[in-house]
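Structure assessment
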Amino acid sequence: MPVPAAAADRASGPQGLTATQFSDTAEKAKIGNALLAFIARGFPQSAWNRTLYNRLSQMFGHIAHYDIHGFWGAQFSTTQARLGFLRGIVLYGCYGDPAWTWSDVERDIRNRIIGSGLIDAYTRALAAEQEARDRADLARLAQRFRIALPSEHQPLPAAPVQAELF
């Protein structure tokens, strides 16, 4: 949500954001941009801070998850959690009047995530992680039960040829 110069002149604020009683449009844009940057960087724990936690625990239907560390653990600690977080944003309805809520920021973030391809990327990453775990389990079990596994580069056997019926 970078703020174009012309947007600053609009009555509704940067990129159509609306000020609330407690947050001006500059703060909404700043935190929205910080959240998008956090997501774009892959949700690094080193970038997770109290400002993001305080705001995000009140957006997209989230709850506090006990504290800042519990929230990070529940939402960002694994690929599956990150995918769930992104899907939750995409499915969230962005309710409320932007003069009283951050629904305008939520809507902008949701639209950016929808257009980014992040859901597909995290879905593929999760599938790759699962395949790696499955292959490791297979190798462990094959060794335990002394079963020789075919090489990954070994060609598949030829399909059987059906004999003539008549």
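Structural notes, computed from the coordinates.

Parameters at a glance
Residues numbered from 1 in each chain as written. Predicted model: local features only at pLDDT ≥ 70, side-chain atom pairs only at ≥ 80, totals over all residues. Heavy atoms only, no water. Salt bridge = Lys/Arg side-chain N within 4 Å of Asp/Glu carboxyl O. Helix = DSSP H or I, 4+ residues; strand = E, 2+ residues; numbered from the N terminus. Buried < 20%, exposed > 50% of the residue type's maximum accessible area, 1.4 Å probe, protein only. 1 Å grid on protein atoms, 1.4 Å probe; cavity = no way out; pocket = protein on both sides within 12 Å on 5 of 7 lines; lining within 4 Å. Points joined across faces, edges and corners; volume = space filled by probe spheres on them. Nonpolar A, V, L, I, M, F, W, Y, C, P; charged D, E, K, R; others polar. Axes fitted to C-alpha atoms, helices over the stretch in contact; angles between N-to-C directions. Parallel < 35°, antiparallel > 145°, perpendicular 65-115°, else oblique. Left-handed = near helix turned anticlockwise from the far one by under 90°. Contact = heavy atoms within 4.5 Å.

To continue, consider the pattern of salt bridges. Counting across every chain of the model gives 3 salt bridges. For K28, the salt bridge identified is with D104, shortest N-O distance 2.9 Å. With a gap of 76 residues between them, K28 in helix α1 (residues 25-40) and D104 in helix α5 (residues 103-116) connect regions that are remote in the sequence. Exposure class is identical for K28 and D104. Each is buried. As a salt-bridge pair, D137 and R140 come within 4.0 Å of each other at their nearest N and O atoms. With D137 and R140 both in helix α6 (residues 118-144), this residue pair falls 3 residues apart, about one helical turn.

A few words on the layout of surface pockets. What the largest pocket holds in volume is close to 200 Å³. Lining the largest pocket we find 15 residues, and of these T20, R55, W100, T101 and W102 sit closest to its centre. Of the residues in the lining of the largest pocket, the class split is 7 nonpolar, 6 polar and 2 charged.

This next bit is on the packing of α1 against α5. Their axes nearest at 10 Å, the elements α1 and α5 cross at an angle of 30°. Regarding the angle of α1 to α5, the classification is roughly parallel. You can see that α1 and α5 cross each other, and the crossing is right-handed. Contacts between α1 and α5 involve K28, G32, L35, L36 and I39 on the former and, on the latter, D104, V105, I109, R112 and I113. Class assignment of the residues belonging to the contact of α1 with α5 gives a composition of 6 nonpolar, 1 polar and 3 charged.

Nothing here speaks to function; it is all geometry.
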